[in-house]
Amino acid sequence: SISDPTEIQSFLDNFNSQAQAVFYKQSEVSWTYYTNITDYNQKLMLDEQLMSAKFSQEAYRNATRFNLTVMTQEDRRLFIKIMDIGTAAQTNETKLAYLNKVQSDMETIYSTAKVTMPSGQRLPLDPDLTQLMATSRNYDELLAAWLGWRAESGGKMKNLYAEYVEYNNEAVKILGHADTGAYWRSWYDTPTFEDDVRALFDQLRPLYEQLHAYARRKLKQIYGNDKFPSSGHIPAHLLGNMWAQQWSSLIDELTPYKGKPTLDVTDEMVRQNYTAIRIFQTADDFFKSLGMIPMPDTFWDKSLLEKPQDGREVVCHASAWDFYNGRDFRIKQCTVITAEDLETAHHEMGHIEYFLQYKDQPVSFRDGANPGFHEAVGDVISLSVQTPEHMHSIGLIPTVSNDTESDINFLMSMALQKIAFLPFGYLIDQWRWSVFRGETTPEKYNEEWWNLRCRYQGISSPVPLTSSDFDPGAKYHIPAGVPYIRYFVSFVIQFQFHKALCDEANYRGPLHRCDIYNSKPAGTLLSNMLKLGSSKPWPEAMNLLTRQRKMDAQPLMDYFKPLLEYLRQENGNDYGWHPICPTDPTEI
Ligand SMILES: O=C(CCC(O)(O)[C@H](Cc1ccccc1)NC(=O)c1ccccc1)N[C@@H](Cc1c[nH]c2ccccc12)C(=O)O
Ligand SMILES: [Zn+2]
């Protein structure tokens, strides 16, 4: 095998320039499809995916001819990443083409699904059903939207998913992975990763149980005790979100102390005629205040920041795009003028900032230190943006009151976003890993999904399950094949990052009131970590930013400590739920 340093270097240089060209072409063709769903654009994208797979297979074959043992650590790391080609390892072109087609068809079903409401209106998820789930307080209207969405999305792809699992597993096994779940977990390069995330979740459950109990009591007052099963579960369609994954839209009902200025800035954004562009300029301004890299002109020219009104079908689920040429970076988001979309805009721009910071790395290092890092960048900035102090400084709330009651109100609004999410962020890939392992077979897909929803999230289906249901398919990341444990990891580490940046900014107060806006030292510290991309093992990136190498839920627990005390006080013994789903949801 080849050990000559000159040959090693020329292979890496060659790969780097060829890969940029191939990945650029694939990004462009995919972008065309995602922003204009037609059979023709899908075919162009699928053809390009086969070309790109051939390039990756060739690079893999060439890379195996080199002797890794004589290389520098950095070159060895590059070769290992070049050989991690995922499903492109499938050299049977018919099988790979079919896998890619099935995956794209499921994502298209999801992205073009519409629900016919009792009124006869046909509503898409974005923006209509999302807004209905957030604003309606009518039990039956919420149920109609929830039932309609699951039928039009997941209900239409159950058999496709079983095939996707089979073909995806077959492809990654060629690389030596036990199954697709094992392949996805390998990106964290931690042999105890599954145990580590389970330990974090177990550590955080008491926080969630208290929030769940508080929300359940308030929702019973709104919808009546008779709508809630005696098992203690909350019906899945009552949490203000299609998947009950974040409960922020219930903030007005769940605010502990009434009579204080609202923390939901949506109305004020609408009153000030906020536009999608202005939402993204607000986010860009924050990164600039830290001395970080502003969005380039191509971002403003080529992003799609609003749902097209010309009848085009698009994939509305937000995403950030690196075109791998060091110049072209875009966001695709069907932005609406709400507090939640202000938050999502920061989340997406966090991905772009990461792209910008590592754009001079070799292509194979243009990735997050681990997938959770990529999801955390924007959310860290958003933790500062959402403080009452910052919201006041950008004119979205009239006054800042930091008496104890206002403080609890603010912590509640953050908990509805961050604590409510934890079991959801955890359970999605618990389900998928069990499916990829073959422990959960197709006839058990839906039953196991609700087992996890009932056990970890304490919510249950408002109607009896039938064998044709496939509720996992009603959540974008399942048909789109996007892993999800990354968000659970992000929701833990973003508080570690926030604490480290607040320390760097010489902030002294309570963590939940810290706003790092204008802190160049904090911006420099964050940039230096982001510049690494995936060139170093993630514990090193973690250490550079936080001075420790592990994921740690303590900063999150410290942030919410005052709220946990309040909730324990409020709930007394009225908390918790039976781990098993209620047999008949209408059984009371
Ligand atoms: O899915 C997303 C945002 C979409 C994304 O930015 O994570 C996007 C997902 C995606 C991945 C691959 C193909 C298509 C979509 N990820 C990226 O765009 C992305 C880009 C580069 C590197 C890594 C991820 N958020 C999650 C939950 C969430 C996490 N943080 C939040 C903050 C506010 C609101 C929601 C969330 C959700 O909606 O369930
Ligand atoms: Zn993301």
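Residues numbered from 1 in each chain as written. Chains lettered and ligands numbered in written order. Predicted model: local features only at pLDDT ≥ 70, side-chain atom pairs only at ≥ 80, totals over all residues. Heavy atoms only, no water.

## As for the site of ligand 1
Moving on, step 1. Lining the immediate environment of ligand 1, one finds 23 residues, of which Ala320, Glu348, Lys475, Tyr484 and Tyr487 sit closest.
Moving on, step 2. In this structure, Asp379 approaches ligand 1 through a side-chain N or O atom, which is 3.1 Å from a nitrogen atom.
Moving on, step 3. Here an oxygen atom of ligand 1 sits 2.6 Å away from a polar atom, N or O, in the side chain of Tyr487.
Moving on, step 4. For ligand 1, whose accessible area on its own is 780 Å², the fraction buried by protein is 85%.
Moving on, step 5. Broken down by secondary-structure element, the contributors of at least two residues to the shell around ligand 1 are strand 4 (319-322), helix 14 (339-357), helix 15 (371-385) and helix 20 (485-504). (Near = heavy atom within 4 Å. Polar contact = N/O pair within 3.5 Å; in protein donor to acceptor, adjacent residues only side chain to side chain. Areas by Shrake-Rupley, 256 points an atom, 1.4 Å probe, with all protein chains shown as cover. Helix = DSSP H or I, 4+ residues; strand = E, 2+ residues; numbered from the N terminus.)

## Describing the nonpolar core
Moving on, step 1. Among the nonpolar cores identified, the biggest contains 171 residues, and Trp149, Tyr161, Trp247, Phe373 and Phe560 are the most heavily contacted of them.
Moving on, step 2. Those residues within four positions of Tyr161 in sequence are excluded, and the remaining contacts are Met106, Trp431, Arg432, Val435, Phe436, Tyr445, Phe470 and Ile478.
Moving on, step 3. Residues Leu78, Ile82, Met83 and Val363 belong to the second largest nonpolar core, which totals 19 residues. (Core = buried A, V, L, I, M, F, W, Y, C linked by side-chain atoms within 4.5 Å. Buried < 20%, exposed > 50% of the residue type's maximum accessible area, 1.4 Å probe, protein only. Contact = heavy atoms within 4.5 Å.)

## A closer look at the pairing of strand 4
Moving on, step 1. The alternating pattern of strand 4 places Ser319 and Trp321 on one face and Ala320 and Asp322 on the opposite face, and all of these are buried.
Moving on, step 2. Examined bridge by bridge, strand 4 and strand 5 (residues 329-332) share four bridges and lie antiparallel to one another. In the strand pairing of strand 5, Asp322 is matched with Phe329.
Moving on, step 3. Linking strand 4 back to strand 5 in an antiparallel pair, the connection comprises six residues, with Tyr324 at a positive phi of about 60°. (Pairing = 2+ DSSP bridges.)

## Focus: unusual backbone geometry
With glycine set apart, most residues show a phi of negative sign, and most peptide bonds adopt trans.
Moving on, step 1. Residues Asp126 and Pro127 are joined by a peptide bond in cis, for which omega reads 0°.
Moving on, step 2. On the secondary structure map, Pro127 appears in helix 5 (residues 125-135).
Moving on, step 3. A positive phi angle, near 50°, is found at Asp189, a position not held by glycine.
Moving on, step 4. Within the secondary structure, Asp189 is located in the loop between helix 8 (180-186) and helix 9 (193-223).
Moving on, step 5. Phi at Tyr324 is positive, roughly 60°, even though this residue is not glycine.
Moving on, step 6. Checked against the element boundaries, Tyr324 lands in the loop between strand 4 and strand 5.
Moving on, step 7. Given a relative accessible area of 22%, Tyr324 falls into the partly exposed group.

## Observations regarding helix 14
In an α-helix, one full turn covers 3.6 residues, which means residues spaced three or four apart are oriented alike.
Moving on, step 1. The terminal C-alpha atoms of helix 14 lie 27 Å apart, and with 19 residues this matches the ideal 27 Å at 1.5 Å per residue to within 8%.
Moving on, step 2. Summarising burial for helix 14: 16 of the 19 residues are buried, a large majority. (Expected span 1.5 Å × (residues − 1).)

## Regarding the state of the cysteines
Disulfides are covalent bonds that link the sulfur atoms of two cysteine residues.
Moving on, step 1. Applying the stated criterion across every chain yields a total of three disulfides.
Moving on, step 2. One disulfide in the model links Cys454 with Cys581; its S-S distance is 2.0 Å. Looking along the S-S bond of the Cys454-Cys581 disulfide, the torsion reads about 105°, which is the right-handed sense. Taken together, the residues Cys454 in helix 19 (residues 445-457) and Cys581 in the segment after helix 23 (554-571) connect sequence positions 127 residues apart. (Disulfide = S-S within 2.5 Å.)

## Re the pattern of salt bridges
Moving on, step 1. All chains considered together, the criterion is met by 33 salt bridges.
Moving on, step 2. Put simply, Arg205 and Asp202 hold a salt bridge, and the shortest N to O gap is 3.4 Å. On the criterion of helical spacing, the pair formed by Arg205 and Asp202 is a turn pair, its members being three residues apart in helix 9.
Moving on, step 3. Its relative accessible area of 39% is what places Asp202 among the partly exposed residues.
Moving on, step 4. Connected through salt bridges with shared partners, the residues Glu28, Lys302, Asp328 and Arg330 form a single ionic network. (Salt bridge = Lys/Arg side-chain N within 4 Å of Asp/Glu carboxyl O.)

## Notes on the packing of aromatic side chains
Aromatic rings considered in pairs are described by the distance between their centres and by the relative angle of their planes.
Moving on, step 1. For the structure on display, the rule yields 53 aromatic pairs.
Moving on, step 2. Note on Tyr34 and Trp321: the rings are 5.2 Å apart at their centroids and 80° apart in plane angle, and the pair reads as edge-to-face. Taken as a pair, Tyr34 in helix 1 (residues 5-34) and Trp321 in strand 4 lie far apart in primary sequence, 287 residues in all. The residues Tyr34 and Trp321 share a single accessibility class, namely buried.
Moving on, step 3. Among the aromatic side chains, those forming a connected cluster through ring pairs are Tyr161, Tyr164, Trp184, Trp431, Phe436, Tyr445, Trp449 and Phe470.
Moving on, step 4. One cation-aromatic arrangement involves Arg185 over Trp433; the distance from NZ or CZ to the ring centre is 4.8 Å.
Moving on, step 5. Lying across the ring of Trp243, Lys475 places its NZ or CZ 4.2 Å from the centre. (Phe/Tyr/Trp six-rings, centres within 6.5 Å; stacked < 30°, edge-to-face > 60°. Lys NZ or Arg CZ within 6 Å of the ring centre and 35° of its normal.)

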